[in-house]
Amino acid sequence: MRLTLKVMTILAALAFAACTGNSPPAFAPGTDTDTDSDSDSDSDSDSDSDSDSDSDSDSDSDSDSDSDSDSDSDSDSDSDCEGNGHDEDGDGLDDNCDNCPTYPNGGQNDDDDDGIGDACEASWNHDLLDDIHIFDPFIGTQAEWAPSGGDWSYGDDSVFGQANPGGGNYFRAPFIDTAPYSVEATFYNGASSSMTPSYTGVVFAAHEETGYPDYIAYYTCLYEHPTGTLSAWMYDGGTYIEFVDSTEGIDDPATSEQWRKVRAFYNGTDAVCTYEDEAGGYGELGLSGGEVWGDMSGNGGLRLYTTSATFTSFAIYL
Ligand SMILES: [Ca+2]
Ligand SMILES: [Ca+2]
Ligand SMILES: [Ca+2]
Ligand SMILES: [Ca+2]
């Protein structure tokens with residue numbers, strides 16, 4: 001019986017070789033056709049039918065079933081991402097594989113191991129956040145965006161916005177109804193930003209306000225260049241926008257060719273506006289108590305007032 005099986009195996013191998021054009025393998029004593037001592041048909045020492053030394057069925061050297069060299073179950077070479085072919089911050093890591101896609105951080109340091117890089121958590125209380133919920137580098141479609149005042153041009157890796165006179169918002173879906181959250185916009189102020197005042201930043205907590213049907217109420221965190229002022233404003237959905245608070249004299253060493261970034265952070269009780277720039281400038285403004293609504297849920301987005309700016313990316317962290 002064993003002899004019959006072996007003859008049939010040899011015939012099958014010869015038939016396969018004839019079909020593929022390859023030479024038949026060298027045969028060795030035993031019930032299989034390979035040169036090692038296990039029971040499969042290849043020449044390595046494990047029990048599967050491929051040519052590597054691990055126990056799965058693919059040809060790489062790790063223990064999962066895909067074709068790359070790491071230990072997860074997807075087919076690319078990093079831990080858990082599928083790239084979008086774009087690297088917003090130019091640090092060598094695809095946006096979808098970057099634990100902080102708007103700050104160059106090639107080392108990907110993440111001290112608290114929550115999936116968001118230290119570079120994204122350096123400023124006020126952002127270490128409470130552990131999910132890059134939305135990252136929009138403005139390379140896709142504008143389906144999730146809705147303008148409200150101003151002119152907004154989405155695409156080609158940026159959004160150019162202009163609102164003068166008056167202000168304009170560019171709202172991004174989806175609605176955020178949890179806390180904590182952070183809304184972040186990265187932008188360049190062009191030559192026209194020498195206009196005064198020149199407010200650029202984010203809108204957040206934008207929602208239909210009870211008592212003002214068909215009106216959207218919102219907060220904004222705005223940076224004013226060149227005076228170095230970070231300010232917060234509230235619109236109640238009625239007839240006017242109310243100044244809430246400001247911090248003046250912020251260190252602002254960036255040139256018009258360097259990025260600036262405004263974030264609005266809400267922890268469930270208080271809100272904080274922060275400013276950062278590529279040259280290391282930083283400022284922050286805290287809002288608490290009566291300066292913040294009870295319900296700060298809503299949409300985030302981009303905001304301009306009496307100026308133009310080129311926004312390069314938008315993000316919401318939860
Ligand atoms: Ca990157
Ligand atoms: Ca990065
Ligand atoms: Ca982290
Ligand atoms: Ca971009």
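Conventions used here
- Residues numbered from 1 in each chain as written.
- Chains lettered and ligands numbered in written order.
- Predicted model: local features only at pLDDT ≥ 70, side-chain atom pairs only at ≥ 80, totals over all residues.
- Heavy atoms only, no water.
- Helix = DSSP H or I, 4+ residues; strand = E, 2+ residues; numbered from the N terminus.
- Donors = N, O, S within 2.8 Å, 3.2 Å for Na, K, Ca; no water.
- Buried < 20%, exposed > 50% of the residue type's maximum accessible area, 1.4 Å probe, protein only.
- Salt bridge = Lys/Arg side-chain N within 4 Å of Asp/Glu carboxyl O.

A. Local environment of unusual backbone geometry. In this structure, the amide linkage connecting alanine 173 to the following residue, proline 174, adopts the cis form with an omega of 5°. Residue placement: proline 174 occurs in strand E4 (residues 158–176). In this model, alanine 179 is joined to proline 180 through a cis peptide bond whose omega is 0°. Assignment of secondary structure puts proline 180 in the loop between E4 and strand E5 (181–188). The phi torsion at aspartate 156 lies on the positive side, around 60°, for a residue other than glycine. By secondary structure assignment, the location of aspartate 156 is in the loop between strand E3 (151–155) and E4. Positive phi is not limited to glycine here, since threonine 306 has a value of about 50°. Along the chain, the position of threonine 306 falls in strand E13 (residues 298–317).

B. Quick peek at the coordination of the calcium ion (ligand 2). In this structure, Asp89 (OD), Asp91 (OD), Asp98 (OD), Asp98 (OD), Cys100 (O), Tyr103 (O) and Asn105 (OD1) serve as the protein donors to the calcium ion (ligand 2), at separations of 2.2 to 2.6 Å. In primary sequence terms, the donor set of the calcium ion (ligand 2) follows D-x1-D-x6-D-x1-C-x2-Y-x1-N. Separation of the calcium ion (ligand 2) from the calcium ion (ligand 1) amounts to 4.0 Å, with aspartate 89 serving as a shared donor to the pair. Taken as a pair, aspartate 89 in the loop between helix H1 (2–20) and strand E1 (132–136) and tyrosine 103 in the loop between H1 and E1 lie far apart in primary sequence, 14 residues in all. Residues aspartate 89 and tyrosine 103 agree in their burial class; the two are buried.

C. How the structure looks around the pattern of salt bridges. Within this structure, the stated rule accounts for 4 salt bridges. The partner of aspartate 136 in a salt bridge is arginine 172, with the nearest N and O atoms 3.5 Å apart. With a gap of 36 residues between them, aspartate 136 in strand E1 and arginine 172 in strand E4 connect regions that are remote in the sequence. With a relative accessible area of 5%, aspartate 136 lands in the buried category. Among the ionic pairs, glutamate 184 bridges to arginine 263, the shortest N-O distance being 2.9 Å. Of the two residues, glutamate 184 is situated in strand E5 and arginine 263 in strand E10 (residues 260–266); the sequence distance between them amounts to 79 residues. Summarising the burial analysis for this pair, glutamate 184 and arginine 263 share the class buried.

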